[in-house]
Amino acid sequence: MKAARLGLHTPEDLERLAVRRGLRYYGNPADANKLREDCHLADMEEPRVSEESLSTEELAIALLSLSLPFSQHRLRMGAAMLAAENLSPQRLARLAALERCDSVVFHIATCGQRVEPQNPFWQQLLSGLPKTQIYKPDLLPHLSRFVAMTGITRRGKETVMQWIRPHSKSA
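In this text, all values refer to a predicted model and were calculated from it rather than measured experimentally.

A. Structural context of the overall build of the protein chain. Secondary structure summary: the protein chain contains eight helices and two strands in total. Listing every helix and strand of the protein chain by position from the N terminus yields α-α-α-α-α-α-α-α-β-β. Counting only residues that meet the buried cut, the protein chain has 45% of its 171 residues in that class. For the protein chain, the proportion of contacts with a sequence separation of at least 24, taken over those separated by at least 6, is 65%. A total accessible area of about 9,800 Å² is found for the protein chain, and carbon and sulfur atoms account for 50% of it.

Set out below in structure tokens:
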């Protein structure tokens, strides 16, 4: 409801905002500048949603919301936004519980911990979530859908996985 009050009326609006905030892997940055023309904000062609009005934590959870039509692509974008720099795992866990998508966030955090076992963020996020049954596990993306992988490196054939994240503003 908060996203809708800010002029983000469709799931695609949320996706474009994620691209605008640095998630270039999943979209064309030129498209991010064209949020829906028919938004309902007075005297504006496109909503200008600041991080103060809709935090990155809120955007990540909104992308993962089970109230939206099911989309593997949107779940992958939400997973990437979960891993943005300087997010609060405690706030993400609280928002996931409020939005009732904690089982989806649990699945993503479990995958994140497998890919980046040295990153304390994933364990902190998991510890804030209830140990619940994963919502339709066969529908959720496989771990390989959250990472960029290579099969050949300078050292030869090996699998190297890197979690997909939004680029920081300085990048």
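That was the structure; now back to the text.
B. Region of the structure containing helix α4 (residues 56-64). For α4, the buried fraction is high: nine of the nine residues fall into the buried class. Among the residues making up α4, those that are buried are T56, E57, E58, L59, A60, I61, A62, L63 and L64. Along its buried surface, α4 packs onto α1 (2-5), α2 (11-20), α5 (72-82), α6 (89-99) and α7 (102-115).

C. Fine view of the environment of T10. In this fold, T10 is placed in the loop between α1 and α2. Among the residues examined, T10 registers a relative accessible area of 17% and is labelled buried.

D. Examining the packing of α7 against helix α8 (residues 120-128) more closely. α8 packs onto α7 with a crossing angle of 150° between their chain directions and a minimal axis gap of 9 Å. As far as their axial angle goes, α8 and α7 are roughly antiparallel. The interaxial crossing formed by α7 with α8 has left-handed handedness. Seen from α7, the contacting residues are V105, F106, I108, A109, T110, G112 and Q113; seen from α8, they are W122, Q123, L125 and L126.

E. Region of interest: the confidence of the model for the protein chain. Summarising the model, the protein chain shows a mean pLDDT of 83, and 82% of its residues fall at 70 or more. Least confident of the elements in the protein chain is helix α3 (residues 29-32), whose mean pLDDT is 50; most confident is α4, at 96. Segment residues 35-46 is flagged for pLDDT under 50; beyond a separation of four residues in sequence, or across chains, it makes 28 contacts in the model.

F. Representation of the packing of aromatic side chains within the structure. If you walk through the whole model with that rule in mind, you get three aromatic pairs. With centroids separated by 5.1 Å and ring planes inclined at 75°, the aromatic side chains of F121 and W122 adopt a geometry described as edge-to-face. W122 matches F121 in its accessibility class, with the two residues each being buried. Chaining the aromatic ring pairs together yields one cluster made of F121, W122, F146 and W163.

Rules and cut-offs
- Residues numbered from 1 in each chain as written.
- Predicted model: local features only at pLDDT ≥ 70, side-chain atom pairs only at ≥ 80, totals over all residues.
- Heavy atoms only, no water.
- Helix = DSSP H or I, 4+ residues; strand = E, 2+ residues; numbered from the N terminus.
- Buried < 20%, exposed > 50% of the residue type's maximum accessible area, 1.4 Å probe, protein only.
- Contact = heavy atoms within 4.5 Å.
- Areas by Shrake-Rupley, 256 points an atom, 1.4 Å probe, with all protein chains shown as cover.
- Axes fitted to C-alpha atoms, helices over the stretch in contact; angles between N-to-C directions.
- Parallel < 35°, antiparallel > 145°, perpendicular 65-115°, else oblique.
- Left-handed = near helix turned anticlockwise from the far one by under 90°.
- pLDDT = per-residue confidence, 0-100.
- Phe/Tyr/Trp six-rings, centres within 6.5 Å; stacked < 30°, edge-to-face > 60°.

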